[in-house]
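As a plain string of letters, each chain reads:
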Amino acid sequence: MTHAAQPHQPAHHPALAHHFDDLAQQQEAASLGMWVFLLTEILFFGGLFLVYTIYRAWYPEAFASSSHHLDIPLGTINTAVLIGSSLTMAMAVHAAQMNSRKGVMIFLVLTMILGSVFLGIKGVEYSHKFHEHLIPGPDFAYAEAEFFRPAQIFFSLYFVMTGLHALHMIVGLGLMIWMLVWAHKGVIGNGYYSPVEVVGLYWHFVDIVWIFLFPLLYLIGRHATGH
Amino acid sequence: MAAEFPAHHYLNDGYGIRSWLLTRDHKRIALLYLAAITVFFFVGGAFAVLIRLDLATPPGDVVSDDTYNQLFTMHGVVMVFFFLIPAIPAILGNFLVPLMIGAKDLAFPKLNLLSWYIYMAGGLMGVYVLLTGSLDTGWTMYAPLSTRFSTTRVAPAALAVFVTGFSSILTALNFIVTIHRMRAPGLTWFKMPLFLWSTYATSLIVILGTPVVAITALLIFVERLFRFGFFDPALGGDPVLFQHLFWFYSHPAVYIMILPAMGVISELVAAFCRKPVFGYSFVAFSSLGIAVLGFLVWGHHMFVAGQSVYASLVFSMLSFLVAIPSAIKVFNWTATMYKGSVSWDTPMLYAIGFIGLFTIGGLTGLFLASIGLDVHVHDTYFIVAHFHYIMVGGTIMGYLGGLHYWWPKISGRLYPEGLSKLSAWIIFIGFNLTFFPQFILGYLGMPRRYHAYPPEFQVLNVLSSAGASILGFGYLLPMFYLAWSLRYGRPAGANPWGACGLEWQTTSPPPTENFAVTPTVTESPYHYPSPAVKHVA
C-alpha cells in the first residue's frame, strides 16, 4: 500500500460534510447539483410548453379568444412582483456571500413576502375563473359555442401550467424558511453560502418560467386580434 | 490461502432497523434497493408465470379476459418501472460509483436515502393499484383508453409512475455530480472504468427524459380526474400527442435499462479476459452516442399511428444509426476476448450470454426500424421477443453478471461456484426456449396482448411456456445461494478475481468510509495483467 500524503486539511468548517475534502468542493457539488436539477425542470415544463404549442397551432382563434378572459392588470402586477422577488433573492445570495447573516434574513423575508403576494393574487384570479365557470370540466361554460372544446383545452393548460408554477413557488417558500432557520442558527455565513445560492438559482428558474407563461397565456389574444 | 474477513466493515457498523432505515451510507442504501427491487422482480415474474400458464392452451382457460389484460399490464409496469430501470443504477451503481472513483460516498447522501424512500412510496402506490382493482391499459397507458374507457385504477397508477420517476431523477443527479466533482486525485475522465461512463450516460438520459414522462403521467392523471381534454379526441385533444410524449421518454428508457448493463459487461470482459478493453475511448463515447441518438428515434413506435410518412422515414433512418454505437460495443468486447486468457467464472458466463442475446435483440431491432417490415410484425409476438432479448437477455443477464462479480465485494463472501455456473446455464437455456419461439409466432402473425389464439400456434406457445418455467427456476437459484453465502460462504478477500479497479483495493466488505486512505490513481482502469494472484487481501 502506498503512503500517499493526505492533502492538507484546513481547519474543519462546521458545515463541512464528512465525505467532502473541503468546503469549496462541497459548494461546487451543491451548485452543480442544482443546475442538473434545473435541467430536469426545464424538460418537465418543456413537455407542457410542447402541448401548449401544438394546441395553439391547432386552435389559434380559440386560444386568442380564451386569452381575453385572463386578467392582464393582475398578471402584469404579478410579473412585476415576481421580478422584484428575484432581485431581493439575488441580494440575499449576495449577503450570504458577504457573510452578512442579518442581510440574508432581511432579504429572504422580503422575497417571501413578494412570493406570497404573487400567490395571493393568483388565488384571486383562480377564484374569478371559478365564478366565471372557466374551470374545465362539467361546469365549464363559454360564451362562444364554437370554441367550447378548445377553450377548455386552453384553460386546462392554464390551470396545469400556472398551478405547477405556483406549486414550485410554494416549495421555494418552504426552502426559504429552511434557509432562514439556518441563517438564524449561524450555519450560513463564515464562508458557507451555497445553500442560499442554490435556493436562489431555483427561485430565479421559477421566475423565468413565469416570464414565459405570462405572454403565452395572457398576451397572445392582444397580439392575435390587434386590440 | 484463506482470506481474512475484516473486523470492521459497513455491514457491522451499527445494527438494528434504524441503522438501516436512516443510513446515509451508499452501500447500505444499495442493499435497501436490492431488497426492494428483488421483491418487485419476483412479483413481476409471478405475473409472467400466470401469463405463460394461460397461453399454454389456445382458448385461454386459466384466467378471465379482464384478468389477462391486468396480468400483462402489471407485468410490464412492475418490470419496467420498478425493476429494469432502477436495478443496475440503484443497486450496483449506488454501491460502486463512490468506490470506483475513490470517494467516501455520493455527493448527496441524504438525497440518496430520500431517493429510496421515494422509490418505496411509488412502489407502495403500485401495490395499492394492484390490490384495489389493478390496471388493464397495457404498461403504455395509451389515451383515450386510459383516460376515458378503462375502469381500472389509472389515476393512482399514473401517480405511481410520476413518483417513481423522481426517485430515478435524484439518483441520476447524485451520480452526475459525484462523477464530476468527487473523483480521486489522478482519476481523469479517461481513466474511469467504463461502468462509470455508461452510468454517466444513463444518468443524462434520466435527467432529460424522465421529467417528460412525469409530466405526461401527470396530464393523464388530471385528464382522468377532472376531464381536462389533453389527449381525448372527444374533448378536442390528440391521442397521438400522448404517444409522442410517452415515447419521447419511453424509448430512451430502453437505453436507461441497457446502458448500465453494457457498462457491467465492459468490466466483466476485461476482468475475465485479463486484458484492457479494446478501444476504450470508442466504448466510452458509444455510451454517450447511444444516449444522444436514443432521444431521436421515438417515432419508430408510431409507424402505424398515423404519423406522417416523412417523419417515419427520418425516424427509421435515425433508428438504424443506433446500431453503430451498439455494434462498436459488441465488436470491442469480442476483440477484447480475442487472444485473452478467458476464465469461465460465473460472471463471464453471463457476459458471454449477454453479448450473444443482445446481438440477436439488436439485430431484430434493425428489422423493426425498417418501416415495411415493422408494419408487418407491428404489435405481434415478434416485438415481444425482440424487446425481451434486450431487456431480459440483455439487462437481466448484465445485472446478474454484475451481481455475481461484485457479490464478494458487497457481502465479503464467496458463493458456491458449481451451483452458480449451473444456474447461469439454466437461465440461458430457459431464456432462449421462452423467447425464441416468440419470434416465429410473431412472424406467423400472432398478435401480442391477446388472451386466446388459434390452435396451430400451440406448439410454439407450449415451448415458450416450458422455457418460462425453466427460466423462473433459474432465477430462484441465485436468490437462495446468494442468501446462503451471506452466512456460510468462504471469506472472499479484497480481490478474489484479481481484478483492476479501485473497488478491489479496499477490503471486502469495504469499511463505511470505503478507503482507509484516499487512493491516488496513476494507471489506466484496465492495467491487466498486473494483479495476477488470486485470493490475496
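Residues numbered from 1 in each chain as written. Chains lettered and ligands numbered in written order. Predicted model: local features only at pLDDT ≥ 70, side-chain atom pairs only at ≥ 80, totals over all residues.

**Thoughts on the overall build of chain B**
Looking only at helices and strands, chain B has 16 helices and zero strands in total. Here the C-alpha atoms of chain B give a radius of gyration of 23 Å, agreeing with the 24 Å that 2.2 N^0.38 yields for 537 residues. Here the C-alpha coordinates of chain B stretch approximately 70 × 45 × 45 Å along the principal axes. The buried share of chain B, reckoned over its 537 residues, is 58%. (Helix = DSSP H or I, 4+ residues; strand = E, 2+ residues; numbered from the N terminus. Rg over C-alpha atoms; globule rule 2.2 N^0.38 Å. Buried ≥ 20, exposed ≤ 12 C-beta atoms within 10 Å, placed from the backbone.)

**Description of the overall build of chain A**
A tally of regular secondary structure across chain A gives six helices and zero strands. Secondary structure of chain A in N-to-C order comes out as α-α-α-α-α-α. Taking 2.2 N^0.38 as the reference for a compact globule, 227 residues should give roughly 17 Å; the C-alpha atoms of chain A span a radius of gyration of 22 Å, well beyond that estimate. Here the C-alpha coordinates of chain A stretch approximately 80 × 45 × 30 Å along the principal axes.

**Quick look at the interface of chain A and chain B**
Across the contact, 26 residues belong to chain A and 33 residues belong to chain B. Breaking the side of chain A that touches chain B down by element, the ones donating at least two residues are α1 (23-58) and α5 (148-185) of chain A. For the side of chain A that touches chain B, the element with the most residues is α1(A), which contributes 15 residues. Looking at the side of chain A that touches chain B residue by residue, the classes come out as 15 nonpolar, nine polar and two charged. (Contact = placed C-beta atoms within 7 Å. Nonpolar A, V, L, I, M, F, W, Y, C, P; charged D, E, K, R; others polar.)

**Notes on the confidence of the model for chain A**
The share of residues in chain A with pLDDT of 70 or more is 93%, and the mean pLDDT across the chain is 91. Confidence drops under a pLDDT of 50 for residues 1-9 of chain A, and excluding neighbours within four residues, the segment shows three contacts in the predicted structure. (pLDDT = per-residue confidence, 0-100.)

**Some thoughts on the packing of helix α2 (residues 26-54) of chain B against helix α4 (residues 109-131) of chain B**
Residue and element names in this part refer to chain B. Running from amino to carboxyl end, α2 crosses α4 at an angle of 10°, the nearest separation of the two axes being 10 Å. Comparing the axis directions of α2 and α4 gives the class roughly parallel. Packed against α2, whose contacting residues are His26, Ile29, Leu32, Tyr33, Ala36 and Phe40, the element α4 presents Pro109, Asn112, Leu113, Trp116, Tyr119, Met120 and Gly123 at the interface. (Axes fitted to C-alpha atoms, helices over the stretch in contact; angles between N-to-C directions. Parallel < 35°, antiparallel > 145°, perpendicular 65-115°, else oblique.)

**Brief notes about unusual backbone geometry**
Residue and element names in this part refer to chain B. Going from Ala143 to Pro144, the amide bond is cis rather than trans, its omega being 0°. As for its position among the elements, Pro144 is in the loop between α4 and α5 (145-149). Cis geometry is adopted by the peptide bond preceding Pro509, which originates at Ser508 and carries an omega value of -10°. Considering the arrangement of structural elements, one finds Pro509 in the segment after α16 (458-488). Even without being glycine, Arg227 reaches a positive phi, approximately 60°. Structurally, the position occupied by Arg227 is in the loop between α7 (194-226) and α8 (239-273). With a phi angle near 60°, Asp379 is a residue other than glycine that sits in the positive phi range. Here Asp379 is to be found in the loop between α13 (371-377) and α14 (381-411).

**Re the environment of Val117(A)**
Residue placement: Val117(A) occurs in helix α4 (residues 101-131). On a C-alpha basis, the gap between Val117(A) and Ser31(A) in space is 28 Å, while along the polypeptide they are 86 residues apart.

**Points about the environment of Met446(B)**
Residue and element names in this part refer to chain B. With respect to the element layout, Met446 can be found in the loop between α15 (417-444) and α16. A residue is classified by how many C-beta atoms lie within 10 Å of it, and Met446, with 21 of them, is buried. Remark: the alpha-carbon pair of Met446 and Gly102, spanning 344 residues in sequence, is separated by 52 Å. For Met446, the residues in contact, after removing those within four places along its chain, are Thr380, Tyr381, Leu441, Tyr453 and Phe457.

**Overview of the packing of α1(A) against helix α6 (residues 154-181) of chain B**
Where α1(A) contacts α6(B), the two axes come as close as 9 Å, and the packing angle between them is 140°. The angle between α1(A) and α6(B) places the two elements in the oblique class. Considering how the two elements wind past one another, α1(A) and α6(B) form a crossing that is right-handed. Contacts from Gln25(A), Glu28(A), Ala29(A), Leu32(A), Gly33(A), Val36(A), Phe37(A) and Thr40(A) of α1(A) reach α6(B) at Ile169(B), Leu173(B), Ile176(B), Val177(B), His180(B) and Arg181(B). A per-class count over the contact of α1(A) with α6(B) returns eight nonpolar, four polar and two charged. (Left-handed = near helix turned anticlockwise from the far one by under 90°.)

**Details of helix α3 (residues 72-97) of chain A**
A turn of α-helix holds 3.6 residues, and therefore any two residues three or four places apart point the same way. The terminal C-alpha atoms of α3(A) lie 37 Å apart, and with 26 residues this matches the ideal 38 Å at 1.5 Å per residue to within 8%. Gly75(A), Asn78(A), Leu82(A), Ser85(A), Ser86(A), Met89(A), Ala92(A), Val93(A), Ala95(A) and Ala96(A) are the residues of α3(A) that are buried. (Expected span 1.5 Å × (residues − 1).)

**Re the confidence of the model for chain B**
Residues and elements named next belong to chain B. For chain B, the mean per-residue pLDDT works out to 94, and 98% of the residues sit at or above 70. In the predicted structure, residues 531-537 sits below a pLDDT of 50 and forms 18 contacts with residues beyond four places in sequence or in another chain. Across the whole predicted complex the pTM is 0.94, and at the interface the ipTM reaches 0.92.

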